[in-house]
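# Residue-level structure breakdown
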Amino acid sequence: MKKTIIFSCLAIFLYAQDDYVPLSELSNAKKLEYNFVDKKKKIETPKIEEYKTTKVEENKYEAVSPIEEVEIKEDIIENNTNFEKIENIKEEKKTVNKELVKEYKSENILQDTKENKVSITEDFSITPKLTYSYLKTDIYATDRISVVDEKSVLIPEIAVSFKNHTLKAEVLEVESYFNQVILGGSDLETTVKWYKLYYLYNYNNISFGLAYNDFSLNWNAVNYNISSKDKEEFPSLELHMKNSDKNLQVEYGLSYGKNNNITYSYEYYLNLGYKILKDNDLILSAGYKNRVIEYNFPNKEVDYEYQFKGPTISISGTF
């Protein structure tokens, strides 16, 4: 009887309150919160919609519409496809980059080798030259002795150049005949061999350096059948210049040398050339050359001067 009265009063009291909520209307989350349900029993977890509406009702926030699974799935599918597209693009870029690198390497390697070859051929050159000269030989002792007949001689040259350095070799061989120039009325026959080896340094249009001279002179008194031979080696300073304008080329230079038995030796020349082929491949030139050597014979009081002079015609080419 007491219990019935107490529960009846309690029910009346709770209904009289504004915040009273019947147990049946409480959510499962609230039942768990107020310990109205046994925890050992399985209770369905509240759905996201119920939890959100409950929170909204309690905290008086606006309800957020739930995200549809379809949109999420579509986004995932689109993201997956985009990811696959990105991966495909990356792979394509990798393959393209590899191909570009291969092409770049092959082109550069070939280009480098070509450039090296071109630079070597540009730095290295060979220039042969052949000069024809109508040469006159004079001997000066107490008086000038002129040769009976001028001689036509060929003077070969070859030059090898690398960058600014040039090695050149030149050969002069000439025979001369003189009438009744020796005491007693004998004729004189001479043979001269003159070899020169040059080292030249090229700066712009100027080449300068040193030359090694190997000079030999054979004397033959024809009527007395007496002969002698003299040989000298001496250095010389060399200066050579060249100017070009379109198809024309001018070459000029001089040299000077001496030793103990050679009082002096000098040379000067001038050539005007025409380029038959471009790039100096073939040049035809004409000019004048004068070469003099004063020779002091050992144990003799008289000095002899040899002079070789005359017009020249040359053909040369650079390869």
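Look a little higher up for the structure.
What counts, and at which threshold
Residues numbered from 1 in each chain as written. Predicted model: local features only at pLDDT ≥ 70, side-chain atom pairs only at ≥ 80, totals over all residues. Heavy atoms only, no water. Phe/Tyr/Trp six-rings, centres within 6.5 Å; stacked < 30°, edge-to-face > 60°. Helix = DSSP H or I, 4+ residues; strand = E, 2+ residues; numbered from the N terminus. Buried < 20%, exposed > 50% of the residue type's maximum accessible area, 1.4 Å probe, protein only. Lys NZ or Arg CZ within 6 Å of the ring centre and 35° of its normal. Core = buried A, V, L, I, M, F, W, Y, C linked by side-chain atoms within 4.5 Å. Contact = heavy atoms within 4.5 Å. Patch = residues over 30% accessible without salt bridge, like charges linked within 9 Å, V, L, I, M, F, W, Y side chains within 5 Å. Areas by Shrake-Rupley, 256 points an atom, 1.4 Å probe, with all protein chains shown as cover. Salt bridge = Lys/Arg side-chain N within 4 Å of Asp/Glu carboxyl O.

## Thoughts on the packing of aromatic side chains
- Enumeration over the complete set of coordinates arrives at seven aromatic pairs.
- On the basis of an interplanar angle of 90 degrees and a centroid distance of 6.5 Å, the ring pair of Trp 219 and Tyr 306 is categorised as edge-to-face. In this pair, Trp 219 is assigned in strand S6 (residues 206-221) and Tyr 306 in strand S11 (residues 303-316), connecting sequence segments 87 residues apart. Of the two residues, Trp 219 and Tyr 306, both sit in the buried class.
- Site record: aromatic cluster; members linked through ring pairs are Trp 194, Phe 215, Trp 219, Phe 234, Tyr 306 and Phe 308.
- One cation-aromatic arrangement involves Lys 289 over Tyr 269; the distance from NZ or CZ to the ring centre is 5.7 Å.
- Taking the ring centre of Trp 194 as reference, the NZ or CZ of Arg 291 above it sits at 4.8 Å.

## Here's the deal with the nonpolar core
- Formed by 20 residues in total, the largest nonpolar core has its most connected members in Val 192, Trp 194, Phe 215, Ile 293, Tyr 306 and Phe 308.
- Of all the elements in the fold, those that place two or more residues in this core are strand S1 (124-140), strand S3 (151-162), strand S4 (165-182), strand S5 (186-203), S6, strand S10 (282-296) and S11.
- Here Tyr 306 is in contact with Thr 137, Asp 138, Ile 139, Phe 178, Thr 190, Val 192, Leu 217, Trp 219, Arg 291, Val 292 and Ile 293, once residues within four sequence places are set aside.

## Details of the environment of Tyr 140
- Residue position: Tyr 140 is located in strand S1.
- Once the C-alpha coordinates of Tyr 140 and Glu 294 are considered, the two residues, 154 residues apart in sequence, prove to be 8.7 Å apart.
- Apart from the residues lying within four places of it in its own chain, the contact partners of Tyr 140 are Asp 303, Tyr 304, Glu 305 and Gln 307.

## Some words on a nonpolar patch on the surface
- Residues Leu 130, Tyr 132, Tyr 134, Leu 154, Leu 248, Tyr 274, Ile 276, Leu 277, Leu 284, Ile 313 and Ile 315 make up a contiguous nonpolar surface patch of about 1000 Å² in total accessible area.
- For the nonpolar patch, the secondary-structure elements that each account for two or more residues are S1, strand S9 (262-277) and S11.
- Structurally, Leu 154 can be placed in strand S3.

## Brief notes about unusual backbone geometry
- Notably, Lys 163 is not glycine yet its phi reads approximately 55 degrees, a positive angle.
- Note that Lys 163 resides in the loop between S3 and S4.

## Points about the side chain of Asn 290
- Relative to the helices and strands, Asn 290 is located in strand S10.
- Judged by relative accessible area, Asn 290 falls into the buried class, the value being 4%.
- Setting aside residues no more than four positions away along its own chain, Asn 290 makes contact with Tyr 266, Glu 267, Tyr 268, Gln 307, Phe 308 and Lys 309.

By themselves, these observations are geometric and do not establish any function.
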